[in-house]
Amino acid sequence: MCKSVLQCQHQILCTMEGESFTDINGTPIFLDCQSHSTFCREFTVTSPKVPVTKVIVFTCSIWLLAYAVFLFTEDTVVLTSAILITLVSMMLYVHLVKVEQETLFIIGSLGVQMSSSYASGRETTTFIELNKIKDIVINEAIYMHQIIYYLCVLLKDPSDPDAVSSVVPLFQLFCPPTLERTASTSPYHNIPAYFQVSGLNQRSPLQLTDKSLQPEL
Amino acid sequence: MVLKIFYPQCCNLANSGLLIGSWIQGHNSAVVLAVVHYPFIPGQVKRYIQQVSTASGVKLSVLGSWSLPSEAEKGVENFLRDLRTIFPQDRWLQISRKMGQTGFNCSILDRSQGTILFVHYDQRNVMLSQLHPIQTEELDPSDSELRQVFQIVSLSQPLFLLDRYDDGPLKSTHWQSGGQEASIIVELLKMASVPLCLTISCLLHLLPLNFLCSKLSTCVQLSYRSDHLRALSSPKTAVGHSEFMRKANVLVSILVDMALGFLLMYWLYSDNHISMLANALVPAADHVAKELEELLQWLMGAPAGLKMNRALDEVLGRFFLYHIHLWISYIHLMSPFVETILWYGGLSAGLGLSFALALLSDMVALLTFHIYCFYVYGARLYCLKIYGLSSLWRLFRGKKWNVLRQRVDSCSYDLDQLFIGTLLFTILLFLFPTTALYYLVFTLLRLLVVVLQGILHLTVDLINSLPLFAVALRLTRFYRLAEGVKFSVLCDEPDTPLHLLMEINPLSCASVIKTYRTPTYSCYPKDSWTNLVKKLFVGELIYPWKHKTIKTD
């Protein structure tokens, strides 16, 4: 039987409403956390909207190029295709690529829910039940020239209780390049701290905080 | 410890009464299924619960009491607490709600008051939904909590048969308490399907279709479809979700196939299209033969500037030209009958578009039989040459192929053996470009025909295996195929427990197609690309479209 208790560390209060951080590409993102109950918390990461200047620059450059080609070829198909390409690519970008907001919803004794909402309004949600979760850890990865830290969930293998079947990263948007060590500024300290699963695995909960105390690379 | 109570949305505004539901084994949670109202006799309630438990296989019990007091009812709380003595339980939930207040209040008697979490669910959707990956229908205590919730709700169908128009002693509230819904069309179809199934099964028994040849794709498709019809027309109803979906997909695929076939027939038989096609067919075959003749004349000359061996060239070229001449005479002999053949062949589209395509693929194979013959001759000749060359090359170097040890060993040859071997090797080597060129040309032609046939086979496979019913279900009733659930916060007041709403997360379209694909006689090439190229190089005959037997689960 899975006995999971969420221990909330009341000392680490949620002081991060609306605090801004930067992700790996340098764009600013906002983290917000809301606590609905002692065992239920919601963390939201919002990325800023696409600035109008970028959209205008993109469309103008494509259309000027198309017009230049039209001057040479005198074929209106070039212009119509340029318009169609711009429209379709913008729609696809807004619907499939641009993640506006990501939410991590932790419900004690039920599980963890991850949902991303895109700029076109589409929402994808995944819910991972508690009996499938082995642990939530901060993992580090080498991305180009820097090391980024990301939060991920380790899932249990159904056949072998000790093995890890897959690693599911949470927060597509949110991978800070450096992990600050002070509790008040680092976002990644607080998320595992709110979710300390005792009795679920044999490792001590301090494992999570140990990872964060790694020497700075 | 958090106690989770799964509460149906239909009972949010129910009158005060008793909560009927089930405790989930292995987890600290309960599912509320219905609310039984006053007035009731406790003995009748117990009997009713016993009846429904045996009918459904779920261990139902009275979980507690629910109170939504209106102005007329006062002192209901005490009455509800006293009911505990009549229904002795381990834990007794007392859930209450005041009008105008969104949140519920809950207290558990006889246990330490832990935190309580209310998860609201839509009872009808959860009852009809099927969680994927699909597991057995029985309740398994080792299953995850959500799966057990879904199974309990779907197995408790006998509980939802009591509606408010019944004259029985008990009145309850659940999703169907407003009365059962049914559709006249569905009932009529069910009644009509019984004699239809009987006739189809009789017909299939009369026509023995098992001896059909497995080479012609039309016959294979016919036997495949007759298997499906036999499975559909069996008198047993489908047991379990997978079987039901399989049958429904097969039925919809057959109907869509026949509809498309009728469309094709309508197009063919109107406006004299058949005679147009027939009139175009013989000149097309003539044209193909003329092109082949020109090709051979080109090969017999100096193709692409290469110098061929004159004698071998003439022999091969004349041989193939004579073949083409025979073929053309055969086509001309058949030309008055082409229209009738096409007319009767078009009737096969009435059985379905897949049959028409299979017939077309067979006709293409028959009409291009001469290309197949040329390919076989060229390949055999080339293969012989390659093997001869490799063996004589080994002799040239003083080695031999050891059949016992399956390896190359050195060997000392006599002088006359070496002399003849080297002579033959030189002859074969200088004749090699000619044979290779003929082989290359005819292999390319054969591959072209194979690609055309392959496209037709892939289309037939697509029609056979696409689960149209499952896709339509996913688009219209998306809650039936569930990949998981999603939660959102309903009510978060400080004095009341937390209320969450559980909604069904539907399966993605790609997973739907992957899970519910009907297995077909697969005709994908069994060789990988490297193997294919190796075979082509050596000159082995390739059979890219091999029909496998239908995989049975």
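Rules behind the numbers
- Residues numbered from 1 in each chain as written.
- Chains lettered and ligands numbered in written order.
- Predicted model: local features only at pLDDT ≥ 70, side-chain atom pairs only at ≥ 80, totals over all residues.
- Heavy atoms only, no water.
- Helix = DSSP H or I, 4+ residues; strand = E, 2+ residues; numbered from the N terminus.
- Buried < 20%, exposed > 50% of the residue type's maximum accessible area, 1.4 Å probe, protein only.
- Contact = heavy atoms within 4.5 Å.
- Areas by Shrake-Rupley, 256 points an atom, 1.4 Å probe, with all protein chains shown as cover.
- Pairing = 2+ DSSP bridges.
- Axes fitted to C-alpha atoms, helices over the stretch in contact; angles between N-to-C directions.
- Core = buried A, V, L, I, M, F, W, Y, C linked by side-chain atoms within 4.5 Å.
- Domains from an automatic or database assignment.
- Buried area = accessible area lost by both parts, 1.4 Å probe.
- Salt bridge = Lys/Arg side-chain N within 4 Å of Asp/Glu carboxyl O.
- Polar contact = N/O pair within 3.5 Å; in protein donor to acceptor, adjacent residues only side chain to side chain.
- UniProt positions renumbered as here; feature names shortened; annotations may be inferred.
- Parallel < 35°, antiparallel > 145°, perpendicular 65-115°, else oblique.
- Nonpolar A, V, L, I, M, F, W, Y, C, P; charged D, E, K, R; others polar.
- Phe/Tyr/Trp six-rings, centres within 6.5 Å; stacked < 30°, edge-to-face > 60°.
- Patch = residues over 30% accessible without salt bridge, like charges linked within 9 Å, V, L, I, M, F, W, Y side chains within 5 Å.
- pLDDT = per-residue confidence, 0-100.
- Expected span 1.5 Å × (residues − 1).
- Bend = angle between axes of the 7 residues up to and from the residue.

(A) The arrangement of the overall build of chain A in detail. A tally of regular secondary structure across chain A gives 4 helices and 9 strands. When the helices and strands of chain A are read in sequence order from the N terminus, they spell out β-β-β-α-α-β-β-β-β-β-β-α-α. Taken over 217 residues, chain A has a buried fraction of 39%. Put simply, 49% of the contacts in chain A that link residues at least 6 apart link residues at least 24 apart. Of the roughly 12300 Å² of accessible surface on chain A, a fraction of 63% belongs to carbon and sulfur atoms.

(B) A look at the sheet that holds strand 7 (residues 133–143) of chain A. Residue and element names in this part refer to chain A. Strand order in the open sheet made by the 3 strands is 7-8-9, with antiparallel pairing throughout. Edge positions in the sheet fall to strand 7 and strand 9 (164–169), since each of these pairs with one other strand and no more. Going from strand to strand, the sheet's axes swing by 35° on average, the running direction of each strand aside. Where strand 8 (residues 146–156) meets strand 9, 5 bridges bridge the pair, whose relative direction is antiparallel. Looking at strand 9, one finds that Leu 154 is bridged to Val 167.

(C) Looking closely at the environment of Leu 65 of chain A. Here Leu 65 of chain A is to be found in helix 1 (residues 52–73). Classification of Leu 65 of chain A as exposed rests on a relative accessible area of 59%.

(D) Quick peek at the nonpolar core. By size, the foremost hydrophobic cluster in this structure holds 50 residues, and its most contacted members are Ile 107 of chain A together with Phe 6, Val 31, Leu 33, Leu 117, Phe 487 and Met 502 of chain B. Among the elements that line this core, the one with the most residues is helix 4 (residues 145–155) of chain B, at 5 residues. Leu 31, Val 45, Val 153 and Phe 171 of chain A belong to the second largest nonpolar core, which has 24 residues in total.

(E) Broad picture of the domain arrangement of chain B. We note that the domain assignment places domain 1 (2–173) and domain 2 (184–258) within chain B. Domain 1 of chain B and domain 2 of chain B are separated by 42 Å when their C-alpha centres are compared.

(F) Expanded view of the interface of chain A and chain B. Contacts between chain A and chain B engage 16 residues on the former and 18 residues on the latter. Taken together, both faces of the contact between chain A and chain B bury some 1600 Å²; the carbon and sulfur share is 65%. Looking at the side of chain A facing chain B, the largest losses of area belong to His 36, Phe 39 and Leu 110 of chain A, adding up to 31% of the total buried there. Counting every contact that joins chain A to chain B gives 0 salt bridges. Between chain A and chain B we count 5 residue pairs in polar contact (both at pLDDT 80 or more) in total. In terms of residues, the side of chain A that touches chain B owes the most to one element, strand 6 (residues 123–129) of chain A, which gives 4 residues.

(G) Broad picture of the UniProt feature "transmembrane region" (unreviewed entry) in chain B. All names here are of chain B. As recorded in UniProt, the sites labelled "transmembrane region" (unreviewed entry) are residues 250–269, 315–334, 341–368, 374–396, 417–441 and 447–473. From the first C-alpha to the last, residues 250–269 spans 28 Å; its make-up is 100% helix and 0% strand. For residues 447–473, the helix share is 93%, the strand share is 0%, and the end-to-end C-alpha distance is 40 Å.

(H) Structural view of the packing of helix 8 (residues 273–300) of chain B against helix 9 (residues 310–334) of chain B. Residues and elements named next belong to chain B. Taken N-terminus to C-terminus, the directions of helix 8 and helix 9 make an angle of 175°; their axes are 10 Å apart at the nearest point. When the axes of helix 8 and helix 9 are compared, the pair comes out roughly antiparallel. Contacts between helix 8 and helix 9 involve Val 282, Ala 285, Asp 286, Ala 289, Leu 292, Glu 293, Leu 296, Gln 297, Leu 299 and Met 300 from the former and Asp 313, Gly 317, Arg 318, Phe 320, Leu 321, Ile 324, Ile 328, Ile 331 and His 332 from the latter. Class assignment for the residues of the contact of helix 8 with helix 9 results in 12 nonpolar, 3 polar and 4 charged.

(I) Representation of the pairing of strand 8 of chain A. Residue and element names in this part refer to chain A. Taken across its 11 residues, strand 8 has 9 buried, putting it largely inside the fold. Both strand 7 and strand 8 contribute to a ladder of 10 bridges, which runs antiparallel. Residue pairing across strands places Ala 141 opposite Ile 148, the latter belonging to strand 8. Once strand 7 ends, the chain turns through 2 residues before running back antiparallel as strand 8, passing Met 144 with a positive phi of about 55°.

(J) Layout of the pattern of salt bridges. Residue and element names in this part refer to chain B. Inspection of every chain in the model, using the stated rule, returns 6 salt bridges over all chains. The closest approach of N and O atoms between Arg 230 and Asp 227, which form a salt bridge, is 3.8 Å. With Arg 230 and Asp 227 both in helix 6 (residues 217–232) and 3 residues apart, the pair spans about one turn of that helix. A residue is classified by how much of its surface remains accessible, and Asp 227, at 39% relative accessible area, is partly exposed.

(K) Spatial organisation of the packing of aromatic side chains. Residue and element names in this part refer to chain B. Per the stated rule, a full pass over the model turns up 24 aromatic pairs over all chains. A ring pair is formed by Tyr 269 and Trp 343, whose centres lie 5.3 Å apart and whose planes are at 70°; its orientation type is edge-to-face. A residue pair is termed long-range when its members are at least 10 positions apart, and Tyr 269 in helix 7 (residues 241–269) and Trp 343 in helix 10 (residues 338–347) qualify at 74 residues. For Tyr 269, a relative accessible area of 28% gives the class partly exposed. Its relative accessible area of 40% is what places Trp 343 among the partly exposed residues. Measuring from ring centre to ring centre gives 6.2 Å for Phe 369 and Tyr 372, while their planes differ by 40°; the resulting arrangement is tilted. One end of the pair, Phe 369, and the other, Tyr 372, are both in helix 12 (residues 369–397), 3 residues apart, so they sit about a helical turn from each other. Accessibility expressed as a relative area gives 27% for Tyr 372, which makes it partly exposed.

(L) View of a nonpolar patch on the surface. Residues and elements named next belong to chain A. On the surface, Val 50, Val 55, Trp 63, Ile 83, Leu 87, Val 88, Met 91, Leu 92, Tyr 93, Val 94, Leu 96 and Val 97 cluster together into a nonpolar patch covering about 1000 Å² of accessible area. Sort the elements by how many residues they give to the nonpolar patch and helix 2 (residues 76–97) lands first, with 9 residues. Within the fold, Leu 87 resides in helix 2. With a relative accessible area of 46%, Leu 87 lands in the partly exposed category.

(M) Representation of the confidence of the model for chain B. Residue and element names in this part refer to chain B. Summary statistics for chain B give a mean pLDDT of 85 and a share of 94% for residues scoring 70 or more. Here helix 2 (residues 76–86) is the element of chain B with the lowest mean pLDDT, 72, and helix 14 (residues 468–476) is the one with the highest, 94. Here residues 549–553 is a poorly scored stretch, pLDDT under 50, and it has 6 contacts once near neighbours within four places are set aside; other chains count. Scoring the predicted complex yields pTM 0.81 and, for the interface, ipTM 0.76.

(N) Spotlight on the pairing of strand 3 (residues 40–46) of chain A. Residues and elements named next belong to chain A. Within strand 3, 6 of the 7 residues are buried, which leaves the element mostly enclosed by the surrounding structure. Note that strand 2 (residues 28–37) and strand 3 share 7 bridges and pair antiparallel. Bridging from a neighbouring strand, Ser 35 pairs with Arg 41 of strand 3. Turn length for the strand 2-strand 3 hairpin, with the two strands adjacent in sequence and antiparallel, is 2 residues. Two elements, strand 3 and strand 4 (residues 99–107), share 7 bridges in a ladder whose sense is antiparallel.

(O) Molecular detail of helix 5 (residues 184–206) of chain B. Residues and elements named next belong to chain B. An ideal rise of 1.5 Å per residue puts 33 Å on 23 residues; helix 5 measures up with 34 Å between its terminal C-alpha atoms. Considering bend angle alone, the principal kink of helix 5 is centred on Ser 193 and spans about 30°; proline Pro 195 follows within four residues of it. For helix 5, the tally of buried residues reaches only 2 of 23 residues, placing the bulk of the element at the surface.

(P) Fine view of the packing of helix 7 of chain B against helix 14 of chain B. Residue and element names in this part refer to chain B. Running from N to C, helix 7 and helix 14 point in directions that differ by 105°, and their axes come no closer than 7 Å. Classed by the angle they form, the pair helix 7 and helix 14 counts as roughly perpendicular. Residues Phe 244, Met 245, Ala 248, Asn 249, Val 252 and Val 256 of helix 7 lie in contact with helix 14, whose contacting residues are Leu 468, Phe 469, Ala 470 and Leu 473. Considering only residue class, the contact of helix 7 with helix 14 consists of 9 nonpolar, 1 polar and no charged.

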